[in-house]
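# Topology and contacts: notes
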Amino acid sequence: FEDATEFGVDDGEIFGMASSSALRKSPMMPENAENEGDALLQFTAEFSSRYGECHPVFFIGSLEGAFQEAFYGKARDRKLLAIYLHHDESVLANVFCSQMLCAESIVSYLSQNFLTWAWDMTREANRARFLTLCTRHFGSVVAQTVRTQKTDQFPLFLIIMGKRSSNEVLNVIQGNTSVDELIMRLISAMEIFSAQQQEDIK
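Not measured: the values here are computed from a predicted model. Going along each chain's sequence as written, the residues are numbered from 1 onward. Only residues with pLDDT of at least 70 are given local features in this predicted model, and only at 80 or more are side-chain atom pairs given and counted; all residues enter the totals for whole chains, interfaces and linings. Side-chain metrics rest on all non-hydrogen atoms present in the structure, leaving aside hydrogens and water.

## Notes on the overall build of the protein
Let me state the cut-off plainly: Put simply, DSSP marks the helices as runs of H or I at least four residues long and the strands as runs of E at least two long, and each gets a number from the N terminus on. Only protein chains enter the calculation, and the probe is 1.4 Å; a residue is then buried if its accessible area is under 20% of its type maximum, exposed if over 50%, and partly exposed in between. Working rule for contacts: check all heavy atoms of both residues, and any pair within 4.5 Å makes them a contact. All accessibility values rest on the Shrake-Rupley procedure with a 1.4 Å probe; residue burial counts only the protein chains present in the view.
Helix and strand counts for the protein come out as nine helices and four strands. Beginning at the N terminus, the succession of helices and strands in the protein can be written as α-α-α-α-β-α-α-β-α-α-β-β-α. With 202 residues in all, the protein has 45% of them scored as buried. In the protein, of all internal contacts separated by at least 6 residues, the share reaching a separation of at least 24 is 67%. Surface summary for the protein: the accessible area is close to 10700 Å², and the carbon and sulfur share equals 50%.

So, in structure tokens, the structure goes:
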């Protein structure tokens, strides 16, 4: 065994340990994601490569564009907006994505009733950009809610309903949830939205 290196055997391989560079994932988003559409393209591609093709359809475009699409069409075509906030350094990220976000029941329910937009909070510059967007669109209270979340409380799911005066955050769902709880909270938000939608249609 002392001569193992002569045969090109890496100690790490013998003990089943891959090198750290092999374990390092590609980032979900570029370091300074100025163009939200391009950032979402990279996010979707990286998400698919990590977790497979069965996942929510992420809206490719700006948060402003997602609002327009979800909230400002004909009343009967409007949807709730689900914002998925990812953080690679959270221990919950892999479990949440693979077991919950990619569960067929969740994927199906989101695609029928929600428009889903995503952002990666891992890099500080991208986190700061989202908090700026959050303050602009939802106000400082929601931004503060997101800002005070610790890394291990991510991923986060924000459920947003478009209102005439301002957009309302119906739910903030943390990553330490179950499939059943996640679907129940999505259904609960949907019930509130449906009542509002019927009023708007009238």
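## Concerning unusual backbone geometry
Geometrically, the link from phenylalanine 154 to proline 155 is a cis peptide bond, its omega value of 0° lying close to zero. As for its position among the elements, proline 155 is in the loop between α8 (140–147) and β3 (156–161).

## Describing the sheet that holds β3
For the record, the criterion: Here, a strand pair is defined by DSSP locating no fewer than two bridges between the strands. What counts as an axis is a line fitted to C-alpha atoms, over the stretch in contact for a helix, and the angles between N-to-C directions run from 0 to 180 degrees.
Spatially, the four strands line up as an open sheet ordered β2-β1-β3-β4, and their pairing is mixed. Of all the strands in the sheet, just β2 (114–120) and β4 (168–174) have a single pairing partner and so form its edges. Direction aside, neighbouring strands of the sheet carry axes that sit 20° apart on average. With seven bridges connecting them, strand β1 (residues 80–86) and β2 associate as parallel partners. What sits directly across from tyrosine 84, in β2, is alanine 118.

## Some details on the pattern of salt bridges
Which entries qualify depends on this criterion: Note on definitions: salt bridges are taken to be side-chain nitrogens of Lys or Arg within 4 Å of carboxyl oxygens of Asp or Glu.
Counting across every chain of the model gives seven salt bridges. Across the salt bridge formed by arginine 123 and glutamate 31, the nearest N and O atoms sit 2.6 Å from each other. Taken together, the positions of arginine 123 in the loop between β2 and α7 (124–138) and glutamate 31 in the loop between α2 (20–23) and α3 (36–51) put the pair 92 residues apart, joining distant regions of the chain. Under the relative-accessibility criterion, glutamate 31 is labelled partly exposed at 43%.

## A short note on the environment of glutamine 42
Position of glutamine 42 relative to the elements: it lies in helix α3. A relative accessible area of 31% means that glutamine 42 is categorised as partly exposed. Sequence separation of glutamine 42 and proline 30 is twelve residues, and the distance between their C-alpha atoms is 7.8 Å. If we skip the residues at most four places from it in the chain, glutamine 42 touches Pro27, Met28, Met29 and Pro30.

## Points about the packing of aromatic side chains
What counts here: By convention, a stacked pair of Phe, Tyr or Trp rings (six-membered ring in the case of Trp) has centres within 6.5 Å and planes under 30 degrees apart, an edge-to-face pair has planes over 60 apart, and any other such pair is tilted.
Evaluated as defined, the whole model comprises 15 aromatic pairs. With a centroid separation of 5.7 Å and an interplanar angle of 75°, the aromatic rings of phenylalanine 67 and phenylalanine 138 are classed as edge-to-face. With phenylalanine 67 in helix α4 (residues 63–71) and phenylalanine 138 in helix α7, this pair connects stretches of sequence that are 71 residues apart. Across this residue pair, the class does not change: phenylalanine 67 and phenylalanine 138 are buried. Plain terms: the ring middles of tyrosine 84 and phenylalanine 96 are 6.0 Å apart, the flat faces sit at 0° to each other, and that makes the pair stacked. With tyrosine 84 in strand β1 and phenylalanine 96 in helix α5 (residues 93–101), this residue pair connects regions lying twelve residues apart in the sequence. Phenylalanine 96 matches tyrosine 84 in its accessibility class, with the two residues each being buried. Taken together, the aromatic side chains of Phe43, Phe47, Tyr51, Phe58, Tyr84, Phe96 and Phe157 make up a single cluster linked through ring pairs.

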